[in-house]
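The lines below spell out each chain.
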Amino acid sequence: MDIIIRNMELNDLESIMEIEKQSFTTPWSRNSFEMEIRDNLLAHYLVAVLDDKIVGYAGIWFILDEGHITNIAVGENYRGIGVGNKLVEGLIDLCSDKGINNMTLEVRKSNIVAQNLYKKYGFIDFGIRLRYYSDNNEDAVIMWRTN
């Protein structure tokens, strides 16, 4: 199984929107992704491709000397086979290429699978953002990774 990580392109958005709907109760709109790819100079997005099919994606904003992970999602039929690992590794490589040593993210307090994925790559719990998620007021765990 060869999962390829590459830059996201506008013509990937149909697949991205399907993964988004499978992954989040309040998915981003197509327009939000278009603006991120086209207009946000701080943003960089990757896709994971398996057998010529987009099976996941990840985004990060480069803010000064930090990489802020905005989102990571894997299609429901491709979870548990290493796609998330490859995406996190891709983001870490992007930061390394830009000389960025600090990375951060927020993750739902209930999303233990994602927290364990991030911990595998050296992210540690740093704090809590109370009622961060507007769909159900769930808290977010703030995680940081430094080199």
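Residues numbered from 1 in each chain as written. Predicted model: local features only at pLDDT ≥ 70, side-chain atom pairs only at ≥ 80, totals over all residues. Heavy atoms only, no water.

Colleague: Residue-level account of the overall build of the chain, with values.
Modeller: For the chain, the count of helices and strands is four helices and seven strands. The linear arrangement of helices and strands in the chain, starting from the amino end, is β-α-α-β-β-β-α-β-α-β-β. Its C-alpha radius of gyration of 15 Å places the chain within 12% of the 15 Å reference for a compact globule of 147 residues. Overall, the chain is about 40 × 35 × 35 Å in size when its C-alpha atoms are taken along their principal axes. (Helix = DSSP H or I, 4+ residues; strand = E, 2+ residues; numbered from the N terminus. Rg over C-alpha atoms; globule rule 2.2 N^0.38 Å.)

Colleague: Lay out the sheet that holds strand 5 (residues 102–108) with the relevant residues and their values.
Modeller: Spatially, 1-2-3-4-5-7-6 is the arrangement adopted by the seven strands of the open sheet, whose pairing is mixed. Of all strands in the sheet, those with a lone pairing partner are strand 1 (4–7) and strand 6 (124–129), marking the two edges. Looking at each pair of strands side by side, their axes are set apart by 30 degrees on average, direction ignored. Relative to strand 7 (residues 140–146), strand 6 runs antiparallel, the two being bridged by five bridges. (Pairing = 2+ DSSP bridges. Axes fitted to C-alpha atoms, helices over the stretch in contact; angles between N-to-C directions.)

Colleague: How would you explain helix 1 (residues 13–23) if you had to name every residue and give the values?
Modeller: Given 3.6 residues per helical turn, the α-helix brings residues three or four places apart onto the same face. Those residues of helix 1 not exposed but buried are Leu13, Ile16, Met17, Ile19 and Glu20. Take helix 1 and look down its axis: the buried residues cluster within an arc of 165 degrees, on one side only. Turned more than 90 degrees away from the buried face of helix 1 sit Glu14 and Lys21, all of them exposed. In this structure, the buried side of helix 1 is in contact with helix 2 (30–38), strand 2 (43–50), strand 3 (53–63) and strand 4 (66–74). (Buried < 20%, exposed > 50% of the residue type's maximum accessible area, 1.4 Å probe, protein only. Arc of directions from axis to C-beta. Contact = heavy atoms within 4.5 Å.)

Colleague: With reference to specific residues and values, describe the pairing of strand 4.
Modeller: The element strand 4 is extensively covered by neighbouring structure, given that seven of its nine residues are classed as buried. Where strand 3 lies against strand 4, eight bridges are found, and the strand directions are antiparallel. From the neighbouring strand, Ile63 faces strand 4, where its bridge partner is Glu66. Where strand 3 hands over to strand 4, the hairpin turn is made up of two residues, of which Leu64 adopts a positive phi near 55 degrees. Direction of pairing for strand 4 relative to strand 5: parallel, over a ladder of three bridges. If you follow Glu66 over to strand 5, its bridge partner there is Asn102. The β-α-β motif built from strand 4, the intervening helix 3 (residues 83–97) and the parallel element strand 5 has right-handed crossover chirality. (Right-handed = clockwise from strand over helix to strand, strands pointing away.)

Colleague: Mind laying out the nonpolar core, listing which residues take part and the relevant values?
Modeller: Here is a general trend for soluble globular proteins: nonpolar side chains tend to be buried in one another's company. Leu91 and Tyr118 are the most contacted members of the largest nonpolar core, which totals 29 residues. Broken down by secondary-structure element, the contributors of at least two residues to this core are strand 2, strand 3, strand 4, helix 3, strand 5, helix 4 (112–120) and strand 7. Sort the elements by how many residues they give to this core and helix 3 lands first, with seven residues. Counting 13 residues, the second-largest nonpolar core is a separate cluster that includes Tyr45, Val47, Val49 and Ile54. (Core = buried A, V, L, I, M, F, W, Y, C linked by side-chain atoms within 4.5 Å.)

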